[in-house]
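Observations on the model geometry
Here is how the chains run, residue by residue.
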Amino acid sequence: MVDQMVSKSFIQLPEDPLCPTDPSDSLSLEQIELLLQLQRDVLEDIVFSTDANGVVEKICYLAEELLPNSVASVMLLKDNKLDVYCAPSISKEGIERLNGLQPGPNAGSCGNVCFKKTPAFVSDTFTDDRWKDLMPIAEDFNLRACWSVPVRTEVDELVGTFALTSFETRAPSLFHRRLLDTCGFLIGIVLKREKLEKRLVDAAYYDSLTQLSNRKKLQLDLQGYIEEGREFVLAFIGLDRFKSVNDTYGHETGDYVLSQVAKRLSSGCGIALGVYRITGDEFAVVIESPQFTDAFIALAAQIETVLAPSFSFNDAEFFIRACVGFTYPLDELDSVAELMKRADTAMYAAKASNEQNFAVFSPAMADKVQEELQLERDLHHAINNQEFEVFYQPIMDADGKVVHSLEALIRWHHPEKGMISPLVFIPLAEEAGLIPKVSTFVVGQVISFLNELKVANIPLCRVSINLSGREFNPKHINELMSVIEEHDLMHCFEFELLESYLMENAEEVISLLNSIRKRGISIAIDDFGTGYSSLSYLKKFPVDKIKIDQSLIKDVVFDANDLAITKAVVAMARSLNLKVVAEGVETGSHSELLSELGVDYLQGFVFSKPVTSAEVTTYIEKSFS
């Protein structure tokens, strides 16, 4: 019975007809315990280790311990050839001889596994025809028996083989077969997770729509060029009137145009060190060149030329004009942030120009900086003049019917400029050191709102507050919590912190996160998926939920990569006992798919945009009625 339980815990491999199982063979209790112990040891490593090769190496060593006088190996299949992925006990010469093995009926045990898609248990390599082509290797290294099984990352996806090769002729017992099954299955899990983690890393540095490097990658590359002392020119490229394409023809058309622009820039800027998509309709190109006017003119002309032909989609034709802003390091103290700010300033100067489609940053472009300084001064007055208002966006249960919680989102009603986006004033508030006052205002407004719900006998919802890394220090956080505690509302608050901030300051924030949770406030990781989360840190963070960034959710219905990443995030969250919120849910198809994937909560325009406290109160009442 126990034997059957062990067997059923794995995908059962078909028999090798040339080496059938002995019907009288069975597993002893000691052997079952050995297999279970191997599983426990490896599964623990799979959860806590990010070193896939190290985990596979451990599996090989454990298998070798259970089959004395043998060596274990893992080979991966690519382009119909097998190469050694891990073989800790095989010599370098042996690995070199095995690499490049092409599957076939006489290509050894592993070659047969990939050729026939079934296990191959060779008891005597010197007499078995399946080893005919590898006889020189068998003789040179005294390989007398070799048992190999498929390694799969999906049921129908064979990616390689796991083998135990013995220095004596022998047939596998039932225990040995179960050992091979177990190891092959575990290795498949490790390789699948490695592939999914790579996709997560790619998502941090690459844009899924255009397949270009993203803004974060540009920042890393520029920092490297500056440290190396290389002469380079940075160009920011903005597409003119692209918003009208989206508004008139829809986002599908807009996405197609963006992907085609990316392809043209990549193929048409041959001298570029890199091409990047830095935001919606803005791209960047870096070229290695002395900072001469000729270089600017040449690149601007090149960009204009590659984008000149029309773009066609669904019987519609578009002509895209781009404006280019150039800059370069003015001195060795220039920061990446300053460099990108100058390029952005130059690009907008080019957009405002009627003479040419490019501009090179100069101090004369300081008007934009002056405008930002004026906005910063206005921001100081806004806090004192009560020009802010808190809006709320509902976060729904997975069925999309009941309000689970709310996200508080601040808005600025500028007396002259009208509504100013948080994307504009929050960075200014951070730079000016005003962000603690902003969050204090938000907390005060949320407390008033919750008290109004109490008085009206309306069910209280937990409200999440976005916190900036600039304000995440014990002094300010304790001040916020003290105010909340005075009103006995700790259980109604949740603090959201950006994934990127947490990863960059992992060691420093864990203690403060623990302090917050102990006092009853829950914690969420915001914009999850836009950066690369180290699993070793993530499992240490005392957090309650992760919010999958809307950039992954946007195309999840039809983009296989985004779907795979979302599945991986949900699976990881489950293993760490975290709840999952999907942001940017815009359609019923999004909602239905995400619910099926096991996402706990949904947030997006398909339910409600951010609304005033009065409007969200009505929404809550309808939800619970």
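Our structure is the block above this text.
Please read these numbers as outputs of a predicted model, since none were measured by experiment. (Residues numbered from 1 in each chain as written. Predicted model: local features only at pLDDT ≥ 70, side-chain atom pairs only at ≥ 80, totals over all residues. Heavy atoms only, no water.)

**Examining helix α3 (residues 52-66)**
Applicable threshold: To qualify as a helix, a DSSP run of H or I must reach at least 4 residues; to qualify as a strand, a run of E must reach at least 2; elements of each kind are numbered from the N terminus. What a helix is expected to span follows from its residue count: subtract one and scale by 1.5 Å. Only heavy atoms matter for contacts: two residues are in contact if any of them lie within 4.5 Å across the pair.
Here α3 is 15 residues long and its end C-alpha atoms lie 22 Å apart, about the 21 Å a rise of 1.5 Å per residue gives. Where α3 is buried, its residues touch α2 (29-48), β1 (70-78), β2 (81-86), β5 (157-166) and α7 (174-205).

**A word on the side chain of Asp600**
The criterion, for reference: For each residue, the accessible area found with a 1.4 Å probe, counting protein chains only, is set against the maximum for its type, and the residue is called buried under 20%, exposed over 50%, and partly exposed in between.
Inspection of the secondary structure puts Asp600 in the loop between α22 (588-597) and β22 (601-602). A relative accessible area of 15% means that Asp600 is categorised as buried. Each residue touching Asp600, except ones within four places of it in the same chain, is listed here: Met396, Asp397, Ala398, Arg574, Leu578, Lys579 and Val580.

**Here's the deal with helix α15 (residues 435-455)**
Under the 1.5 Å per step criterion, the end-to-end length of α15 is 31 Å for 21 residues, consistent within 8% with the ideal 30 Å. Buried within α15 we find Ile435, Val438, Ser439, Phe441, Val442, Val443, Val446, Ile447, Phe449, Leu450 and Leu453. Looking one or two residues beyond α15, the residue adopting positive phi is Asn457, at roughly 60°.

**Quick look at the sheet that holds strand β9 (residues 282-288)**
Rules: The pairing criterion is simple: DSSP has to find at least two bridges between the two strands. Here an angle of 0 to 180 degrees is reported between the N-to-C directions of two axes, which are lines fitted to C-alpha atoms, with helices fitted over the stretch in contact.
The sheet built from 6 strands is open, its strands ordered β6-β8-β9-β7-β12-β13 with mixed pairing. The open sheet terminates on both sides in strands that have one partner only, identified here as β6 (213-214) and β13 (358-360). Taken together, the 6 bridges between strand β8 (residues 272-279) and β9 define a ladder with antiparallel strand orientation. Along β9, the bridge assignment pairs Tyr276 with Ala284. Each of β7 (232-239), β9, β12 (322-327) and β13 is contacted by helix α11 (residues 293-307), which is oriented at about 155° to β12, the strand it contacts most.

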